[in-house]
Amino acid sequence: LMHLTRKLIEIRSMLLSIDQSDGLKLPSIVVIGSQSSGKSSVLEAIVGQEFLPKGNNMVTRRPIELTLVHTFSTDGKTPVEYGEFPALGLGKITDFAAIQRTLTDLNLAVPATDAVSPEPIDLRIYSPNVPDLTLIDLPGYIQLASLDQPESLKEKIAALCDKYIREPNIVLAVCAADVDLANSPALRASRKVDPLGLRTIGVITKMDLVPPEQGATILAGNRYPLHLGYVGVVTKAAKRSKKDSMAVTVSKGENDYFGAHKEEFGSSTSLMVGTDTLRRRLMEVLESSMASSLHGITNAVQLELEEATYQFKVQYNDQRITAESYVAETMDALKLRFKEFTQQFRRPVIREKLKGMLDDKVMDVLEQLYWLDKRAPELGNIAANPKLKPEEIEPYWRHKLDAASSLLTKSGIGRDSTLLVADGLRALIDSIAAGEPFTFHPRASERLIQFSHAILRDRIGVASDQVENCIKPFKYEIEVEDREWEVGRERAIDLFEKEVAMCETKLKDIRKKVGGSRRLGGLVNYVKSLEEKEREKKTKRLEGTPSEESPESTPESYRYPPAQILDARHAILYTDRLGILRLRLAALRSKRCRAGPQSDVFCPEAFLNVVADKLAYTSAMFISIELLDQFFYQFPREIDSRLLYDLDPKEIIEFARENPVVRRHLDLQGRKDKLEEVMKQLNSLSVLRADPQAAPRRH
Ligand code: GDP
């Protein structure tokens with residue numbers, strides 16, 4: 001049966017990792033007692049090592065789940081004793097003083113305001129000198145909260161102990177012999193949950209502090225009977241000599257004491273005394289408790305397993321996933337998504353975008369140099385005159401055209417076009433980073449944005465310099481072919497027609513707003529007359545004539561609300577703009593303009609459009625090479641190196657679990673796997689139990 005306990009202890013910790021629900025619990029021994037009752041000394045005597053935190057203020061602040069694993073000697077060699085904190089990953093610790101320090105640190109890490117924490121510390125000790133046992137050490141009961149402890153501490157500790165002394169656990173109630181059992185908080189707590197004492201063992205410490213007869217009376221347990229009985233111990237170390245281990249000195253002191261009082265405690269008395277007896281008793285009790293739990297726990301695990309298997313089938317159709325596969329799939333999907341998006345950045349698309357930007361620039365240049373020029377209508381008239389030869393045109397218009405062309409080519413095309421495309425890329429990445437599944441992975445999303453912006457920052461300077469360099473020739477000379485000219489002319493007509501339509505819409509809107517064309521006409525005339533007066537005033541002032549305010553002019557300005565005056569001003573602007581646009585449209589459609597590139601002076605619009613086309617073509621080409629191709633090459637590689645390979649196994653799991661869908665899948669799958677493993681172990685145990693040769697009962 002030895003073997004059974006050992007296996008069940010293993011199964012118990014597996015079950016603990018599945019969940020904490022009461023149905024799936026195998027018993028453990030829970031050690032409770034008031035402070036200074038000798039609880040630590042008893043635990044250390046059982047283990048045979050000093051490893052618990054000591055000191056005035058050093059009470060246990062967190063439960064310690066202590067698993068003792070008996071190790072066997074192989075080839076006649078005694079195995080090394082060591083401890084392990086599985087949760088901390090510190091490896092095997094052979095120095096028990098180091099274990100003591102670690103426990104002290106873990107205890108001190110509990111904030112003073114909390115004083116105790118319900119979070120258990122998992123500690124395993126492997127030794128040839130320990131039995132297979134699981135013990136849970138709990139904070140000692142306190143009688144009175146001292147000044148520096150919160151008032152609620154007493155209740156907090158009691159509540160924590162209450163949680164652990166529930167079924168199926170065995171309660172080890174530690175009481176000092178020199179304190180009346182009636183005052184023992186441990187016995188009182190256990191009686192509440194186990195009134196018949198069926199799963200409570202009493203340990204009476206400090207037997208040396210009371211007269212032997214009195215000690216014997218306590219152990220007989222007549223006053224507070226416990227079905228599992230009382231064990232008396234003396235765990236105060238005898239005078240310690242250097243060469244002896246702690247275990248040796250303690251048992252020496254104990255043996256000395258009980259040996260000296262054979263009459264009261266000898267074998268004839270049937271009282272249980274000594275740490276060895278306690279150890280054996282604990283093993284027996286845990287064994288039989290585990291054995292009797294076996295059937296129930298097997299059924300419970302079976303039920304849980306069936307439920308988990310069913311859910312796994314129904315919810316996931318038995319599809320298994322791993323955190324790694326999720327991460328890999330996410331990254332592949334990201335790359336694919338990105339690739340699809342890159343279609344928006346093919347060269348013709350980019351060219352169109354850049355052309356759009358340049359069209360706006362062309363319109364700005366035309367407005368600045370032609371539409372606002374009072375002589376602009378002349379140009380139309382010259383173009384309409386078939387007799388006029390190109391060389392007879394005033395140099396004024398030739399200069400205008402050169403100025404317009406250079407204004408366009410020197411407007412910072414390299415920077416503007418590169419930034420336009422880079423902004424498009426940035427918006428694309430931002431939209432990917434803000435979409436699923438990155439909504440679940442804020443840190444990865446942040447990193448994605450960071451590294452893509454970094455690539456862009458790196459490339460923007462190079463790309464815009466390169467574009468600027470390559471359009472340089474256009475700043476000096478532009479050759480236009482007949483075919484190009486015709487395309488440019490038609491596009492210019494298109495743009496002008498759009499502009500005309502836009503102005504007409506605006507005018508219509510204003511007309512509607514002020515209440516019809518008659519009212520707008522009145523308004524416009526009024527504003528014009530105001531402007532006329534302003535002008536007159538100005539000339540008079542310039543000529544030195546003293547201005548006489550006409551008395552009736554003041555009330556005049558109140559005839560219309562200011563907002564309508566503003567509308568009228570806009571209407572005047574749009575009407576003027578429409579006038580010039582219509583003139584230019586007629587010019588663009590004229591025979592003269594259709595004749596070809598030699599008419600560039602008459603038709604600056606067509607010429608500038610050809611220039612814009614050439615600029616767009618060249619810019620698109622070099623932005624593709626210097627910015628897009630580089631970005632498309634680097635981006636998937638950065639995904640690998642910054643998002644994928646950057647994750648260690650722990651981070652991969654964390655990443656996958658950030659997605660709630662994946663987390664639920666992994667949880668259910670993990671639960672099912674663990675339950676299957678536990679079930680397998682339990683089944684192997686029942687074979688063991690069914691075969692009396694394999695597991696002989698010892699009593
Ligand atoms: P805890 O606070 O319940 O963990 O109690 P400790 O194990 O720290 O013991 C409290 C005090 O009682 C310490 O000073 C121990 O030396 C002393 N003590 C423990 N066991 C015995 C014992 O069997 N006999 C005597 N005389 N003193 C003991």
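Shown above is the structure to which this text applies.
First things first, this report covers the structure right here in the doc. Since this is a predicted model, take the numbers as computed values, not measurements. (Residues numbered from 1 in each chain as written. Predicted model: local features only at pLDDT ≥ 70, side-chain atom pairs only at ≥ 80, totals over all residues. Heavy atoms only, no water.)

A short note on the state of the cysteines
Right, so step 1: For the structure on display, the rule yields one disulfide.
Right, so step 2: Each sulfur of the disulfide joining C593 and C603 lies 1.9 Å from the other. Taken together, the residues span a long stretch of sequence, with C593 in helix α20 (residues 591-594) and C603 in the loop between α20 and α21 (604-644) at a distance of 10 residues.
Right, so step 3: Residue C603 is classed as buried on the basis of its relative accessible area, which comes to 1%. (Disulfide = S-S within 2.5 Å. Helix = DSSP H or I, 4+ residues; strand = E, 2+ residues; numbered from the N terminus. Buried < 20%, exposed > 50% of the residue type's maximum accessible area, 1.4 Å probe, protein only.)

Structural notes on the pairing of strand β2 (residues 64-70)
Right, so step 1: By the criterion of burial, β2 is predominantly enclosed, with seven of the seven residues buried.
Right, so step 2: Burial along β2 is two-sided: the residues I64, L66, L68 and H70 and E65, T67 and V69 are all buried.
Right, so step 3: In this structure, β2 lies alongside strand β4 (residues 121-127), joined through seven bridges in parallel fashion. When the sheet's bridge partners are listed, V69 is paired in β4 with Y126.
Right, so step 4: Where β2 lies against strand β5 (residues 133-137), five bridges are found, and the strand directions are antiparallel. (Pairing = 2+ DSSP bridges.)

Some thoughts on helix α12 (residues 376-384)
Right, so step 1: All buried positions along α12 are accounted for by A376, L379, I382 and A383. Buried residues of α12 fall within an arc of 105° about the axis and therefore sit on the same side. In this structure, α12 carries N381 and A384 as exposed residues pointing more than 90 degrees from its buried face.
Right, so step 2: Summarising the contacts, the buried residues of α12 are in contact with α11 (347-371), α13 (395-409), α19 (562-589), α20 and α21. (Arc of directions from axis to C-beta. Contact = heavy atoms within 4.5 Å.)

Quick word on α21
Right, so step 1: Compared with the 60 Å implied by 1.5 Å per residue over 41 residues, the 55 Å span of α21 between its first and last C-alpha is a close match.
Right, so step 2: The axis of α21 is deflected most strongly, by about 45°, at S624. (Expected span 1.5 Å × (residues − 1). Bend = angle between axes of the 7 residues up to and from the residue.)

Points about the sheet that holds β4
Right, so step 1: Judged by pairing direction, the sheet is mixed, and its nine strands sit side by side in the order β3-β4-β2-β5-β1-β6-β7-β8-β9 without closing on themselves. Across the chains shown, the open sheet's two edge strands, defined by having one partner strand only, are β3 (82-84) and β9 (272-273).
Right, so step 2: Relative to strand β6 (residues 170-176), strand β1 (residues 29-33) runs parallel, the two being bridged by five bridges. Its bridge partner lying in β6, G33 is registered against V174.
Right, so step 3: Contacts between helix α6 (residues 212-220) and the sheet are confined to β7 (200-205), β8 (230-232) and β9, with β8 contributing the most and set at about 155° to the helix. (Axes fitted to C-alpha atoms, helices over the stretch in contact; angles between N-to-C directions.)

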